[in-house]
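Here are the chains, one letter per residue:
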Amino acid sequence: MAELKIRRLGYALGAEVTGVDLRQPLDDGTVAALREAWMEHLVLVLPGQDITPEQHVAFSRRFGQLDPNDATPYYRHPEHPEVLVVSNKPVNGKPSETRNTGRNWHSDLSYTGRPAMGSLLLCKERPDVGGDTMFANQYLAYETLSPRMRAFIDSLEAVHDVTLVKGIEQRSPELVAEIKRINPPIAHPVVRIHPESGRAALFVSQRVRHFVGLSDEESEPILRFLTRHAVRDEFVYRHRWTVNDLVMWDNRATMHVALADFDQSKPRHMLRCSIQGEPLGYVYQGDDSAAAAKPEATHRSVVASVS
Ligand SMILES: O=C(O)CCC(=O)C(=O)O
Ligand SMILES: [Fe+2]
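Residues numbered from 1 in each chain as written. Chains lettered and ligands numbered in written order. Predicted model: local features only at pLDDT ≥ 70, side-chain atom pairs only at ≥ 80, totals over all residues. Heavy atoms only, no water.

A.B. asks: Please explain the sheet that holds strand β6 (residues 133–137) as it appears in this structure.
C.D. replies: What holds strands together in a sheet is hydrogen bonding between their backbones, with the strands either parallel or antiparallel. Taken together, 3 strands build an open sheet; the order of strands is β12-β6-β14 and the sheet is antiparallel. The open sheet has two free edges, formed respectively by β12 (236–239) and β14 (254–258), since each of these has just one partner strand. Here the strands of the sheet are splayed against their neighbours by 20° on average, with no regard to which way each runs. Sheet topology places β6 next to β14; 5 bridges connect them, and they run antiparallel. When the bridges of β14 are listed, T133 appears paired with A258. (Pairing = 2+ DSSP bridges. Helix = DSSP H or I, 4+ residues; strand = E, 2+ residues; numbered from the N terminus. Axes fitted to C-alpha atoms, helices over the stretch in contact; angles between N-to-C directions.)

A.B. asks: Honestly, the pattern of salt bridges in this entry has me stumped. Any pointers?
C.D. replies: Where charged atoms from two side chains of opposite charge approach closely, those side chains can pair. Applying the stated criterion to the full structure yields 19 salt bridges. E196 is the salt-bridge partner of R35, the closest N and O atoms lying 2.7 Å from each other. Of this pair, R35 sits in helix α1 (residues 28–41) while E196 sits in the loop between β9 (191–193) and β10 (200–202), and the two are 161 residues apart along the sequence. Judged by relative accessible area, which is 22%, R35 ranks as partly exposed. A relative accessible area of 39% means that E196 is categorised as partly exposed. (Salt bridge = Lys/Arg side-chain N within 4 Å of Asp/Glu carboxyl O. Buried < 20%, exposed > 50% of the residue type's maximum accessible area, 1.4 Å probe, protein only.)

A.B. asks: Honestly, the pairing of strand β13 (residues 246–250) in this entry has me stumped. Any pointers?
C.D. replies: Walk down a regular strand and you will see the side chains alternate between the two sheet faces. Counting buried positions over the 5 residues of β13 gives 5, a clear majority of the element. The alternating pattern of β13 places L246, M248 and D250 on one face and V247 and W249 on the opposite face, and all of these are buried. Bridge analysis of strand β3 (residues 43–46) against β13 gives 4 bridges, and the strand direction is antiparallel. Following the sheet pairing, L44 is matched in β13 by M248. Two strands pair when backbone bridges link them, and strand β5 (residues 118–125) and β13 are joined in this way by 5 bridges, in the antiparallel orientation. Looking at the pairing, S119 lines up with W249 of β13.

A.B. asks: In this structure, what is going on with the nonpolar core? I would like to understand it.
C.D. replies: Grouped burial of nonpolar side chains is what soluble globular proteins tend to show. Counting 29 residues, the largest nonpolar core has L22, L34, L44, L46, F59, F63 and M248 as the members making the most contacts within it. Elements represented by at least two residues in this core include exactly β2 (15–18), α1, β3, α2 (53–61), β5, β13 and β15 (269–275). No other element matches α1, which puts 6 residues into this core. For L34, the contacting residues outside a window of four places in its chain are L4, V17, L26, L44, F59 and F63. (Core = buried A, V, L, I, M, F, W, Y, C linked by side-chain atoms within 4.5 Å. Contact = heavy atoms within 4.5 Å.)

A.B. asks: What's the story with unusual backbone geometry in this structure? I'm lost.
C.D. replies: A negative phi holds for most residues other than glycine; trans holds for most peptide bonds. Here the phi dihedral of L42 falls at roughly 70°; this positive angle occurs in a residue that is not glycine. As for its placement among the helices and strands, L42 is situated in the loop between α1 and β3. Notably, N244 is not glycine yet its phi reads approximately 75°, a positive angle. Inspection of the secondary structure puts N244 in the loop between β12 and β13.

A.B. asks: Please clarify how the coordination of the iron ion (ligand 2) should be interpreted in this entry.
C.D. replies: For the iron ion (ligand 2), the full set of protein donor atoms is H106 (NE2), D108 (OD) and H256 (NE2), and the range of their distances to it is 2.1 Å. Look at where the donors of the iron ion (ligand 2) fall in the sequence and you get H-x1-D-x147-H. Taking the relative accessible area as the measure of exposure, H106 reaches 3% and is therefore buried. D108 sits in the buried class, given a relative accessible area of 2%. (Donors = N, O, S within 2.8 Å, 3.2 Å for Na, K, Ca; no water.)

A.B. asks: Mind showing me how you'd approach the site of ligand 1 here?
C.D. replies: V86, T101, G102, H106, D108, L121, T133, W249, H256, A258, R268 and R272 make up every residue found near ligand 1. At 3.0 Å from an oxygen atom of ligand 1 is found a side-chain nitrogen or oxygen belonging to D108. Within the side chain of R268, one N or O atom sits 2.7 Å away from an oxygen atom of ligand 1. Contact with the protein chains hides 99% of the accessible area of ligand 1, taken as 290 Å² for the molecule alone. (Near = heavy atom within 4 Å. Polar contact = N/O pair within 3.5 Å; in protein donor to acceptor, adjacent residues only side chain to side chain. Areas by Shrake-Rupley, 256 points an atom, 1.4 Å probe, with all protein chains shown as cover.)

A.B. asks: In this structure, what is going on with the sheet that holds strand β16 (residues 282–283)? I would like to understand it.
C.D. replies: The 4 strands are arranged β11-β7-β8-β16 in an open sheet whose pairing can be described as antiparallel. Across the chains shown, the open sheet's two edge strands, defined by having one partner strand only, are β11 (208–211) and β16. Note that strand β7 (residues 157–160) and strand β8 (residues 186–189) share 4 bridges and pair antiparallel. Looking across to β8, one finds that A158 is bridged to H188.

A.B. asks: Before we go on, may I ask you to explain the packing of aromatic side chains in this structure?
C.D. replies: What characterises a pair of aromatic rings is the spacing of the ring centres plus the angle enclosed by the ring planes. According to the stated counting rule, one finds 3 aromatic pairs in the structure shown. Measuring from ring centre to ring centre gives 5.4 Å for W38 and F63, while their planes differ by 80°; the resulting arrangement is edge-to-face. Here W38, found in helix α1, pairs with F63, found in the loop between α2 and β4 (84–87); they are 25 residues apart in sequence, far enough to count as distant. Judged by relative accessible area, W38 falls into the buried class, the value being 0%. (Phe/Tyr/Trp six-rings, centres within 6.5 Å; stacked < 30°, edge-to-face > 60°.)

Have a look at this one:
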């Protein structure tokens, strides 16, 4: 078994893990120790991993089934469909459609019925300065709300809408139409119970349109408060990339944002595998009557009664 060295990187979340070489197959004990560290720190940084897409896929698979990238098929790696290319390098002479991926705070694939459990992002090229990624701990975001606010949001559902992905309007109109067709608005619980830790995490983001059963006018100030609160400085770890860093995060308890503060003429090239999450939420048809009729049915009580 590999002797992992774990060093905390942030107050709220984040740890560096060394002593492991992802070019080699890992034994079960090492994977279990990594998973334990991952669940504790939520974001793990594994530096110096000069791995091939095959090795990236093989390592990611140790943590669950990979997301097939059906929600975003157009960004798949040409030879490895499980790998998404997040890059500003032109493709066939045209600007890359992923040059501005992740520019608002989000949890991956929250605009689908299977938000990603985790994501593993590998840095292959980076600009000299800027282009950091920030992560925020959503357990802390939930736990620092007042008891009254927690009680209020425990039963709320939020409508996640792919058209709120920042920069989507810069993509080609045909692509945007296809993205919308594949990803209709989805209602998800605002508070998620993490299936491994049992802890509650806030699950709102800048990709939320409004709350089910509340008018837009009612939703707006609550949403503004929650999305700001969720990413308070003290909940955040900011990662400055080095080439061959592999960073893995738990989407069920964190959000992240990719900063655009770098020279866009310089390449920034990243590869991502996502671990498939559990089915969650439902396609939102614009009918709030079901939620309005059952205000007492909170996700916390539903989850607690089945687990
Ligand atoms: O490019 C990055 O730093 C992150 C982009 C993103 O949101 C993702 O890959 O999930
Ligand atoms: Fe992301």
